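Here is how the chains run, residue by residue.
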Amino acid sequence: MNERSGFSWQRLGRQAEGLLGVSANRISNAANLSALLYQELSDVSWVGFYFLDGQDLMVGPFQGKPACVRIELGHGVCGTAAVSGETIRVADVDTFDGHITCDAEARSELVVPLFKQGQLLGVLDVDSTSYDRFSEQDEAGLEDLARIYLASVS
Ligand code: SME
């Protein structure tokens with residue numbers, strides 16, 4: 001899927017560094033990064049964070065429609081990414097066993113797990129209503145943005 005012309009993950013990374021550099025607060029920086037991604041990425045319907053709270057992931061700052069509040073570890077794309085420690089890119093959510101439908105119109109999804117000093121902090125999740133919206137380049141780009149976020153927070 002082509003971004004609108006002029007889009008660059010590298011440039012978005014530099015914007016994120018500036019935006020997140022003014023605070024080390026996890027919630028504030030998650031809120032601003034969600035807003036930046038939602039504004040700059042084409043064809044995304046939801047961008048946001050889930051944070052680990054006990055044994056569950058709880059929805060954090062996001063942009064898009066109201067979302068599922070609680071996701072158990074090991075469940076859905078988010079809970080699976082959190083447990084595996086690996087980014088998960090799903091071209092068609094109907095083919096992902098256990099996908100959790102928060103928005104019936106969502107078709108593809110990209111989830112990056114967030115680890116700070118070896119501890120699971122949560123996940124960064126991006127959804128689209130288009131099939132196969134996210135490329136390998138998007139996966140690497142979102143992982144970079146997740147690293148910038150993790151480096152910015154205490
Ligand atoms: N689809 C996700 C749930 C979160 S929402 O998409 C915002 C999942 O399967 O984990």
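Residues numbered from 1 in each chain as written. Predicted model: local features only at pLDDT ≥ 70, side-chain atom pairs only at ≥ 80, totals over all residues. Heavy atoms only, no water.

A. Region of interest: the packing of aromatic side chains. Within the structure shown, the criterion is met by five aromatic pairs. Judged by centre distance (5.1 Å) and plane angle (20°), the rings of Trp 46 and Phe 62 are stacked. You can see Trp 46 sitting in strand E1 (residues 46-53) and its partner Phe 62 sitting in strand E2 (residues 56-64), a full 16 residues away along the chain. Overall, Trp 46 belongs to the buried group, its relative accessible area being 6%. Taking the relative accessible area as the measure of exposure, Phe 62 reaches 28% and is therefore partly exposed. (Phe/Tyr/Trp six-rings, centres within 6.5 Å; stacked < 30°, edge-to-face > 60°. Helix = DSSP H or I, 4+ residues; strand = E, 2+ residues; numbered from the N terminus. Buried < 20%, exposed > 50% of the residue type's maximum accessible area, 1.4 Å probe, protein only.)

B. Up close: the state of the cysteines. This model, assessed by the stated rule, comprises one disulfide. For Cys 68, the disulfide goes to Cys 102, at an S-S distance of 2.1 Å. Torsion about the S-S bond of the Cys 68 and Cys 102 cystine: about -125°, corresponding to left-handed handedness. Taken together, the residues span a long stretch of sequence, with Cys 68 in the loop between E2 and strand E3 (70-72) and Cys 102 in the loop between strand E4 (88-90) and strand E5 (108-116) at a distance of 34 residues. Taking the relative accessible area as the measure of exposure, Cys 102 reaches 36% and is therefore partly exposed. Here Cys 78 stays free of any disulfide, with the sulfur of Cys 102 as its closest cysteine sulfur at 7.5 Å. Take Cys 78: its relative accessible area is 4%, and that puts it in the buried class. (Disulfide = S-S within 2.5 Å.)

C. Just the pairing of E2, in detail. The sheet contact formed by E1 and E2 spans seven bridges and is antiparallel. Paired with Asp 53 across the bridge in E2 is Asp 56. From the end of E1 to the start of E2, which pair antiparallel, there are two residues, and Gly 54 there has a positive phi angle of about 70°. Of the strand pairs in this sheet, E2 and E3 are connected by three bridges, and their pairing is antiparallel. Among the inter-strand pairings, Leu 57 is bridged to a residue of E3, identified as Ile 71. Turn length for the E2-E3 hairpin, with the two strands adjacent in sequence and antiparallel, is five residues. (Pairing = 2+ DSSP bridges.)

D. Quick peek at the site of the ligand. All residues adjacent to the ligand are Trp 46, Tyr 50, Ile 71, Gly 76, Val 77, Cys 78, His 99, Ile 100, Cys 102, Glu 109, Asp 125 and Asp 127. For the ligand, an oxygen atom lies 2.8 Å from a polar atom in the backbone of Cys 78. A distance of 3.2 Å separates a nitrogen atom of the ligand from a polar atom in the side chain of His 99. About the coverage of the ligand: the protein hides 98% of its 300 Å² of free accessible area. Where the shell around the ligand is concerned, the elements lending two or more residues are E1, helix H3 (76-84) and strand E6 (119-128). Of all the elements, H3 adds the most residues to the shell around the ligand, at three residues. Residue composition of the shell around the ligand, by class: seven nonpolar, two polar and three charged. (Near = heavy atom within 4 Å. Polar contact = N/O pair within 3.5 Å; in protein donor to acceptor, adjacent residues only side chain to side chain. Areas by Shrake-Rupley, 256 points an atom, 1.4 Å probe, with all protein chains shown as cover. Nonpolar A, V, L, I, M, F, W, Y, C, P; charged D, E, K, R; others polar.)

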